[in-house]
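# Tertiary structure, described
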Amino acid sequence: MPEHKLRREVIELCRLTGKPLLKLSTKDYLEHGMRHWVEQFGSAGLVNIEVFNELQHTITGWPGGKPNSDDTFRPERAKPFPKRVVVFSPHPDDDVISMGGTIRRLIQQGNDVHIAYETSGNIAVNDDEVTRFMHFINGFNLLFADGSDEAIDRTYKLVKQFMQKKRKAELEVYGENKYLHPIPMDPVMTDIPEVLTLKGLIRRGEARLACAYNNIAGDHIHFLDLPFYETGAIEKLPLSEKDVRLIQALLADIRPHQVYVAADLADPHGTHRKCTDAVLAAIDEEKASGAGWLSDCRVWMYRGAWAEWDIADIEMCVPMSPEELREKRNAILRHQSQMESAPFLGNDERLFWQRAEDRNRETARRYDEMGLACYEAMEAFVEYRL
């Protein structure tokens, strides 16, 4: 990641003085030990314009590149167009939480967008969600098949029995606190395979709903279920060659012009880091094999679920109008199991859609403070140099 030393220091000067970029004076630079920049550029005004232009050129309404346009100062190249795009999402909601506005923009502008969900996200589904779906499935069986589907009947009884046993064990450990506490506590029993499968299925269904809302075709949705995640517990397995190969096969098949990966390393359970490492390792394997598609591919890193990029690091920023921000929220809300009852919301009491909107609005506010265009919200990216 580039250091952006000039940009970083001048942005900090704006913060210290409370001034936008183009209002910084020679006195401001001298009083804060930044004489060297004035001497290098010849005047404070020229320093201001240099940084202003740098930030201005990060803003684009065409994240996939604008066809038939001069791309000299755009973060993405105009050709090829349309682009094949792969968005890697560590869990089945990180795509819309972190870059839902950009995904919609890419699709609306005619790009060929694939979403790859790297893990099942099954441990992040509350037991009540499983119970609710099992009641529906059992009721469906009774109403439309007179209870004749033995697989449904057998699974329903098995899951019901396990859930009762699990709840009893948790009551013994936590008492009613587990069910009254605003932040769900860790389970005392590992879910049986049938329950984990159902939880994964719930998250797949939600992901498909969100993709449908964003007009992503069913055959462009990929559930990789990376093996390292599938332990049924918070503690995961080390990343392995199996994980990398699954991603490499997808990349080799699609041959994308753009790849988006999560760089939200503040994820408390480390899944994002492992998923990002797996994608970068797969790209390295493709590079070593001489894959030609890499010569015309760019990798963009996003954040947003747990943290956001520092404004000095941002290399592409996609603005959103109030309506576009609401559309992003609507896609996030399709992930119903990740609302109030999600087990891993953490100490932040805001829901994921609230966190996303607050971060996107904060990015826009910071650009506005610098004296640039004032947008409702913005999603930010940093390029990973291959």
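Above this text sits the structure in question.
Values in this document were obtained by computation on a predicted structure and should not be read as measured data.

Residue position: Asp93 is located in the loop between strand E1 (84-89) and helix H5 (94-108). Contacts of Asp93, omitting those with residues within four sequence positions, involve Tyr117, Arg203, His335, Gln338 and Phe352.

What follows concerns helix H4 (residues 44-56). The end-to-end C-alpha separation of H4 is 18 Å, in line with the 18 Å expected for 13 residues at 1.5 Å each. Looking only at H4, the buried set comprises Ala44, Val47, Asn48, Val51, Phe52 and Leu55. Taken down its axis, H4 places every buried residue within 130 degrees of arc, on the same side. Along its buried surface, H4 packs onto helix H1 (5-17), helix H2 (26-31), helix H3 (35-41) and helix H13 (352-369).

Glancing now at the packing of H5 against helix H12 (residues 322-333). Two elements in contact, H5 and H12, have axes whose closest approach is 9 Å; the angle formed by their N-to-C orientations is 125 degrees. Judged by the angle between their axes, H5 and H12 are oblique. Every pair of crossing elements has a handedness; the one defined by H5 and H12 is right-handed. Two secondary-structure elements touch here, H5 through Val96, Ile97, Ser98, Met99, Gly100, Gly101, Arg104 and Arg105 and H12 through Glu324, Glu327, Lys328, Ala331 and Ile332.

The next thing to look at is the state of the cysteines. As enumerated under the stated definition, the model contains 0 disulfides in all. Among the cysteines around Cys275, which has no disulfide bond, Cys211 carries the closest sulfur, lying 16 Å off. A relative accessible area of 0% places Cys275 in the buried class. No disulfide involves Cys374; its sulfur sits 13 Å from that of Cys317, the nearest cysteine.

With that out of the way, let us pick up the sheet that holds strand E6 (residues 316-320). Here we have 7 strands laid out as an open sheet, ordered E3-E2-E1-E4-E5-E7-E6, and mixed in their pairing. Strand pairing shows two members of the sheet lacking a second neighbour, strand E3 (221-223) and E6, which therefore form its edges. The average undirected angle you get between the axes of adjacent strands in this sheet is 25 degrees. Together, E1, strand E2 (112-117), E3 and strand E4 (258-262) form the strand contacts of helix H10 (residues 241-254), whose direction differs from that of E1 by roughly 165 degrees. Together, E6 and strand E7 (377-384) form the strand contacts of H13, whose direction differs from that of E7 by roughly 85 degrees.

Let us now look at the nonpolar core. Formed by 58 residues in total, the largest nonpolar core has its most connected members in Val10, Leu21, Tyr29, Phe88, Ile247 and Tyr367. Broken down by element, the residue count for this core peaks at 6 residues, all from helix H11 (residues 271-288). Formed by 21 residues, the second largest nonpolar core is a distinct cluster that contains Val85, Val113, Cys211 and Trp300.

Attention now moves to the pairing of E4. Within E4, 5 of the 5 residues are buried, which leaves the element mostly enclosed by the surrounding structure. On E4, burial covers both faces: Gln258, Tyr260 and Ala262 on one face and Val259 and Val261 on the other are all buried. Strand direction decides the pairing type here: E1 and E4, joined by 3 bridges, are parallel. Of the residues in E4, the one forming a bridge with Val85 is Gln258. Pairing analysis gives 5 bridges linking E4 to strand E5 (residues 298-302), with the strands arranged parallel. The residue of E5 that forms the bridge with Tyr260 is Trp300.

All right, on to the packing of H10 against H11 then. Where H10 meets H11, the axes come as close as 8 Å, and the angle between the chain directions of the two elements is 60 degrees. Put simply, H10 runs oblique to H11. The hand of the H10/H11 crossing is right-handed. Within the contact between the two elements, H10 uses Val244, Arg245, Ile247, Gln248, Leu251 and Ala252 and H11 uses Ala278, Val279, Ala281, Ala282, Ile283, Glu285 and Glu286. Among the residues forming the contact of H10 with H11, the class breakdown is 9 nonpolar, 1 polar and 3 charged.

All right, on to H12 then. Taking 1.5 Å of rise per residue, 12 residues should cover 16 Å, and H12 covers 17 Å from first to last C-alpha, within 8% of that figure. Close packing links the buried residues of H12 with H5, helix H9 (193-213), E6, H13 and E7.

What follows concerns the pattern of salt bridges. Applying the stated rule across the entire model yields 30 salt bridges. As a salt-bridge pair, Glu54 and Arg7 come within 3.1 Å of each other at their nearest N and O atoms. Remark: Arg7 occurs in helix H1 and Glu54 occurs in helix H4; sequence separation between them is 47 residues. When its relative accessible area of 4% is taken as the criterion, Arg7 is described as buried. A salt bridge links Asp153 to Lys157; the nearest nitrogen and oxygen atoms lie 3.2 Å apart. Taken together, the residues span about one helical turn, with Asp153 and Lys157 both in helix H7 (residues 150-174) at a distance of 4 residues. Here Asp153 falls in the partly exposed class, since its relative accessible area comes to 26%. If you follow the salt bridges from partner to partner, you end up with Glu76, Arg77, Asp296 and Arg298 in one network.

Turning next to the side chain of Lys236. Inspection of the secondary structure assignment puts Lys236 in the loop between E3 and H10. Within polar-contact distance, the side chain of Lys236 engages the backbone oxygen of Tyr229 at 3.1 Å. Separated by 2.7 Å, the side chain of Lys236 and the backbone oxygen of Ala233 make a polar contact. Beyond its immediate stretch of four places on either side in the chain, Lys236 contacts Ile123, Phe228, Tyr229, Thr231 and Lys274.

What counts and how
- Residues numbered from 1 in each chain as written.
- Predicted model: local features only at pLDDT ≥ 70, side-chain atom pairs only at ≥ 80, totals over all residues.
- Heavy atoms only, no water.
- Helix = DSSP H or I, 4+ residues; strand = E, 2+ residues; numbered from the N terminus.
- Contact = heavy atoms within 4.5 Å.
- Expected span 1.5 Å × (residues − 1).
- Buried < 20%, exposed > 50% of the residue type's maximum accessible area, 1.4 Å probe, protein only.
- Arc of directions from axis to C-beta.
- Axes fitted to C-alpha atoms, helices over the stretch in contact; angles between N-to-C directions.
- Parallel < 35°, antiparallel > 145°, perpendicular 65-115°, else oblique.
- Left-handed = near helix turned anticlockwise from the far one by under 90°.
- Disulfide = S-S within 2.5 Å.
- Pairing = 2+ DSSP bridges.
- Core = buried A, V, L, I, M, F, W, Y, C linked by side-chain atoms within 4.5 Å.
- Nonpolar A, V, L, I, M, F, W, Y, C, P; charged D, E, K, R; others polar.
- Salt bridge = Lys/Arg side-chain N within 4 Å of Asp/Glu carboxyl O.
- Polar contact = N/O pair within 3.5 Å; in protein donor to acceptor, adjacent residues only side chain to side chain.

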